[in-house]
Amino acid sequence: MNVLVTGGAGYIGSHILKVLGAAGHRCVAYDNLAKGHAAAVGDVPLVCADVADAATLAATLSEYAIDLVIHMAAFIEAGESVDHPDKYFRNNTLIGLTLLDAMRETGVSRLVFSSTAAVYGRPTRVPIVETDRTDPINPYGASKLCVEHMLTAYARAYGMGFAALRYFNVAGAAPDGAIGEAHDPETHLIPLVLQVPLGQRHSVRIFGDDYDTPDGTCIRDYIHVMDLAEAHRLAAEAIEPGAVKVYNLGNGNGFSVKEIIDTCRAVTGHPIPAEPAPRRPGDPDRLIASSARAHAELGWRPHYADIEQIVAHAWAWHQGHPRGYGG
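Residues numbered from 1 in each chain as written. Predicted model: local features only at pLDDT ≥ 70, side-chain atom pairs only at ≥ 80, totals over all residues. Heavy atoms only, no water.

Draft legend 1. Here's a closer look at the packing of aromatic side chains. What the rule picks out here adds up to four aromatic pairs. Between Tyr154 and Tyr158, the ring centres sit 5.1 Å apart and the planes meet at 70°, which makes this aromatic pair edge-to-face. Residue Tyr154 and its partner Tyr158 are both found in helix H5 (residues 139–158); the two are separated by four residues, about one turn of the helix. Note on Tyr154: relative accessible area 12%, which makes it buried. Owing to a relative accessible area of 41%, Tyr158 belongs among the partly exposed residues under this scheme. When the centroid spacing of 5.1 Å and the interplanar angle of 55° are considered together, the rings of Trp317 and Tyr325 count as tilted. Take Trp317: its relative accessible area is 2%, and that puts it in the buried class. Directly above the ring of Phe75 sits Lys87, whose terminal nitrogen or CZ lies 4.5 Å from the centroid. Positioned over the ring face of Tyr158 is Arg104, at 3.6 Å from the centre of the ring. (Phe/Tyr/Trp six-rings, centres within 6.5 Å; stacked < 30°, edge-to-face > 60°. Helix = DSSP H or I, 4+ residues; strand = E, 2+ residues; numbered from the N terminus. Buried < 20%, exposed > 50% of the residue type's maximum accessible area, 1.4 Å probe, protein only. Lys NZ or Arg CZ within 6 Å of the ring centre and 35° of its normal.)

So this is what it looks like as structure tokens:
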């Protein structure tokens, strides 16, 4: 297939390019490089443009004879979305509509959408299954859920086929060390913790230690970025016309913030001081996925399910690239 990956120069998008290329698919990265890195795409063609640019987007879909789109371009910080909801609905929701219309215009009828566990809000049970209530508690999750509703409407009206992947906390790096996570500023827990043994910060903050969890800190389900990328490939190859399939993607195991910090201490051999800080807005107590549907329908299984292995791959990447793609 000819696949366009919006946000293809980003953390997850670049790993998707790697997995798709290894499977023989021809890829094009589409990224405005506001958050992504041109070096992350390797030899894959890169169109430097914004998804909001409907004319360039449609021209790219036509020029490269795209068969399927994987849509990764979005803002992803739940806390920021509470302070700036306009930014999230404009960028995440409205450009989703722009993309769908460009696809219709150019005859591209299949899309894999990067959704999120944030659509569930505070879950009524764990592990979460796809049929559980969706009730986002922050504009980030709401902006993604809006796009999921668009997919359902477009599938019914126009016969397009979609897969919406609701994934949990993504971590790790390519085992060969070629690509990894590089955000500026960094907001994800594991790379933030690893900045301490790298000498880039003195300690790590724990945002809230009074949650309804065994140690008082938030619990999250961590999925290796390469496993996530493989799920995108499987979902892309399984899309059916006129249907929307929704899949949770996680390991099914939850780890608290304190447990992640302890794992990073064990992997790096560094004491990593931690300091309590106030809760962030929009953070639920725990999010853990049931990925049984992805197992049954896509044949997907995580290959890197061990949290120490996930942290070890991240640590290897950050040691080799302490300044990200800049060195």
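Additional details are given in the paragraphs that follow.
Draft legend 2. Structural view of the pattern of salt bridges. Tallied over the entire structure, the rule returns 12 salt bridges. Across the pair Arg166 and Glu148 runs a salt bridge, and its minimum N-O distance is 2.7 Å. Pair noted here: Arg166 is in strand S6 (residues 161–167) and Glu148 is in helix H5, with a separation of 18 residues, a long-range link. For Arg166, a relative accessible area of 5% corresponds to the buried category. Between Arg265 and Asp262 there is a salt bridge; the shortest N-O distance is 2.8 Å. A residue pair is termed a helical-turn pair when its members lie 3 or 4 positions apart in one helix, as Arg265 and Asp262 do in helix H8 (residues 257–268) at three residues. Residue class for Asp262 comes out partly exposed when judged on its relative accessible area of 43%. Taken together, the salt bridges that share partners define one network made up of Arg220, Arg280 and Asp283. (Salt bridge = Lys/Arg side-chain N within 4 Å of Asp/Glu carboxyl O.)

Draft legend 3. Summary view of the side chain of Thr116. As for its placement among the helices and strands, Thr116 is situated in strand S5 (residues 110–116). On the basis of relative accessibility, which here comes to 6%, the residue Thr116 falls in the buried class. Not counting chain neighbours up to four residues away, the residues in contact with Thr116 comprise Tyr140, Gly141, Lys144, Leu165, Arg166 and Tyr167. (Contact = heavy atoms within 4.5 Å.)

Draft legend 4. Summary view of helix H1 (residues 11–22). Its 12 residues place the ends of H1 17 Å apart at the C-alpha level, agreeing with the 16 Å of an ideal helix rising 1.5 Å per residue. Taking burial as the measure, the 12 residues of H1 include nine buried ones, the bulk of the element. Within H1 the residues assigned to the buried category are Tyr11, Ile12, Gly13, Ser14, His15, Ile16, Leu17, Val19 and Leu20. In this structure, the buried side of H1 is in contact with strand S1 (2–6), strand S2 (26–31), strand S4 (68–71), S6, strand S7 (169–171) and helix H7 (225–238). (Expected span 1.5 Å × (residues − 1).)

Draft legend 5. Up close: the sheet that holds S6. Ordered in space as S3-S2-S1-S4-S5-S6-S10, the seven strands form an open sheet in which the pairing is parallel. In this open sheet, the two edge strands, each paired with only one partner strand, are strand S3 (46–48) and strand S10 (244–249). Averaged over all pairs of adjacent strands, the angle between their axes in this sheet comes to 20°, without regard to strand direction. Where S1 lies against S2, five bridges are found, and the strand directions are parallel. Bridge pairing in S2 places Leu4 opposite Val28. Lying on the sheet, H5 is in contact with S5, S6 and S10; it crosses S5 at an angle near 155°. (Pairing = 2+ DSSP bridges. Axes fitted to C-alpha atoms, helices over the stretch in contact; angles between N-to-C directions.)

Draft legend 6. Main features of H7. For H7, built from 14 residues, the straight-helix expectation of 20 Å at 1.5 Å per residue is met to within 8% by its first-to-last C-alpha distance of 20 Å. Of all 14 residues that make up H7, 11 are buried, and the element is covered over most of its length.

Draft legend 7. Molecular detail of the pairing of S6. Most of S6 is tucked away: seven of the seven residues are buried. Burial of the side chains of S6 extends over both faces: Gly161, Ala163, Leu165 and Tyr167 are buried on one face and Phe162, Ala164 and Arg166 on the other. In terms of strand pairing, S5 meets S6 through seven bridges, oriented parallel. The partner of Phe113 across the bridge, within S6, is Ala164. Handedness of the β-α-β unit built from S5, H5 and S6 comes out right-handed. As defined by bridge partners, S6 adjoins S10 across six bridges and the pair is classed as parallel. Considered in S10, the bridge of Phe162 is made with Val244. (Right-handed = clockwise from strand over helix to strand, strands pointing away.)

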